[in-house]
Each structure stands twice: as C-alpha cells, then as structure tokens.
Amino acid sequence: MSNIHPTAIIDPTAQIDPSTVVGPYVVIGADVQIGKNNHIGPFCVIENTTMGDNNELIASCFIGVKPQDLSYKDEPTRVVMGNGNKIRECVTIHRSTFVDKPTTLGNNNLLMANSHLAHDVQMGNNCIVANSTGIAGHVIVEDRAVISGMVGIHQFSRIGTMTMISGGTMVHLDIPPYCIAQGERTKLIGLNIVGLRRAGLDRKVILEIKRAFKLMFRSGKRLEEAMAELEAAPHAQEVQHMIDFCRASTRGVAPASKSRAEDTDE
C-alpha cells in the first residue's frame, strides 16, 4: 500500500482503505477500521476505532486508547468517528468504558490542539472545541456547539445545540441550546445570536428563541412554570427543543447571570 509510510506499525487485522494516507511512525492497533481519503499524520496512535471518510489527524493524536476510568475492565470498547473531522495536534479521544455504547464523534467537527474527549462522550456534528479544553466522561455535546479554549466540562453534563461557551469556563451544569455560558461556576449570559444567524435561522424563529430565553431565565418564574406557559401557545420547534432539553436535565440547568451588565445580545 503506497500511501502507508514504511515506518508505520499496523496490526495485520486493521482494515484501512487504500486511499487513506498513513504518515511516519503511526501505530495502528487491532480492531481498527479506517475509511476513504483519511490523512493520518505522524506519531498518531489509533486503537479500537471505526473511522469514516475524509478525516484529518494532524500529528501525535491518540484515538481509541484506554479510558481513564478505574471501572474499565479491558473490555473491547471503541470510538466511532464520522466523516470530515479535523483533529489537530495532540488531541486525545478515549474509547468508552462499557461495550454497549461507544465514544462517538459525528461529522465535520474541529478539535483544536491538546483538546480531550473522555470515555463515553457523545459529540454531534459541526462542533468546534478550542485548544486545551477537557470534556469529561459521559458528556453529551449537541450539534454546532462552540467550546472555547481552556474550558473544563464536568462528567455527565450536557451541552445544547448552537451554544457558545466562553474561554476558561468551568461547566458543572447543563447548558441549554442557543445560549452563551461563562464563569468559574457557569452562568448563562445571553443567547448565541451570531451563531443562530450563521446557522440560517429565520428572524421570526430567533425572536421566538429570545422570548423563550427571557421567560425561562429572566422572568423570575420557576423554570417549569415558564416552560408550561411557552407550550400553551404556538411555538417554533427550536423553542420546544429548549424545553425538552431542560426537562431532561438530571444535573440541573445553568442559571442566568444576575448582573445585566454581563449580558450579551439577547
């Protein structure tokens, strides 16, 4: 296979499409399947992984290695990666702890240098994770989330679609869809209006999301009361997603900041 560098070490059971390029000093273990037109840069290590097509791993990435979980018992767990992901230098993505559900990374995500996806993370599509951000075990990240640098996300937290998390934030609760969060103890400071516009949402839908945010997090009403009021009238599916996300929370939903001076565009 001319696309595989002679210094690469590849388990004979690994399945690699001939169109994929494997760089110098790469190590690919058993139980690995790699699709078409991927680029595996130098010094990467890949174990227990199913990878789709057109992914790029720059260098020194560790994909599918053992989870940092004391309950892991050497079971044949794995990582499942989709298509078109950009994985930068020294990124780590650990395989799941249990066999029933792999660590997953969807399509067209950008994981910047030194970022970490722990065991059992479920990440959707078109997300951005900036440098040196750590996403702990069992975290769910919905589509189009933007997570800035030096962020820490607690185990079992959920990050809603089109959220923006500011740099240095410590996320310990669920972040509802479309919101901006920041702080050592996470607070909601407004809506990700720029992200909503870039995603092509209709202006009327954005106005409905604004109204829902203010009712749920600024009105002083109990969250359940505010959500019931929203559901009593016609509303966009995006608003319903906000409601469903909050109702499904087990860790609790991050509160809004008390200082209006901290608010962004709502």
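Residues numbered from 1 in each chain as written. Predicted model: local features only at pLDDT ≥ 70, side-chain atom pairs only at ≥ 80, totals over all residues. Heavy atoms only, no water.

Next up on the list: the nonpolar core. Ranked by size, the top nonpolar core spans 68 residues in total, and within it Ile93, Met123 and Ile135 carry the most contacts. Examining the composition of this core, we find that eight residues originate from one element, helix 2 (residues 203-217), more than from any other. Apart from residues lying up to four places away in sequence, isoleucine 135 is in contact with His116, Leu117, Ala118, Val121, Met123, Val129, Val141, Ile147 and Ile153. (Core = buried A, V, L, I, M, F, W, Y, C linked by side-chain atoms within 4.5 Å. Buried < 20%, exposed > 50% of the residue type's maximum accessible area, 1.4 Å probe, protein only. Helix = DSSP H or I, 4+ residues; strand = E, 2+ residues; numbered from the N terminus. Contact = heavy atoms within 4.5 Å.)

All right, on to the sheet that holds strand 4 (residues 27-28) then. Pairing in this open sheet of nine strands is parallel, and the strands run 1-4-7-10-13-16-19-22-25 from one edge to the other. If you trace the sheet from one side to the other, it starts and ends with strand 1 (9-10) and strand 25 (170-171), each paired once. Where strand 7 (residues 45-46) and strand 10 (residues 62-65) come together, two bridges link them in parallel fashion. The residue of strand 10 that forms the bridge with valine 45 is phenylalanine 62. (Pairing = 2+ DSSP bridges.)

With parallel pairing, the eight strands of this open sheet are ordered in space as 2-5-8-11-14-17-20-23. Edge positions in the open sheet fall to strand 2 (15-16) and strand 23 (158-159), since each of these has one partner strand only. In this structure, strand 2 lies alongside strand 5 (residues 33-34), joined through two bridges in parallel fashion. Note on strand 5: the bridge partner recorded for glutamine 15 is glutamine 33.

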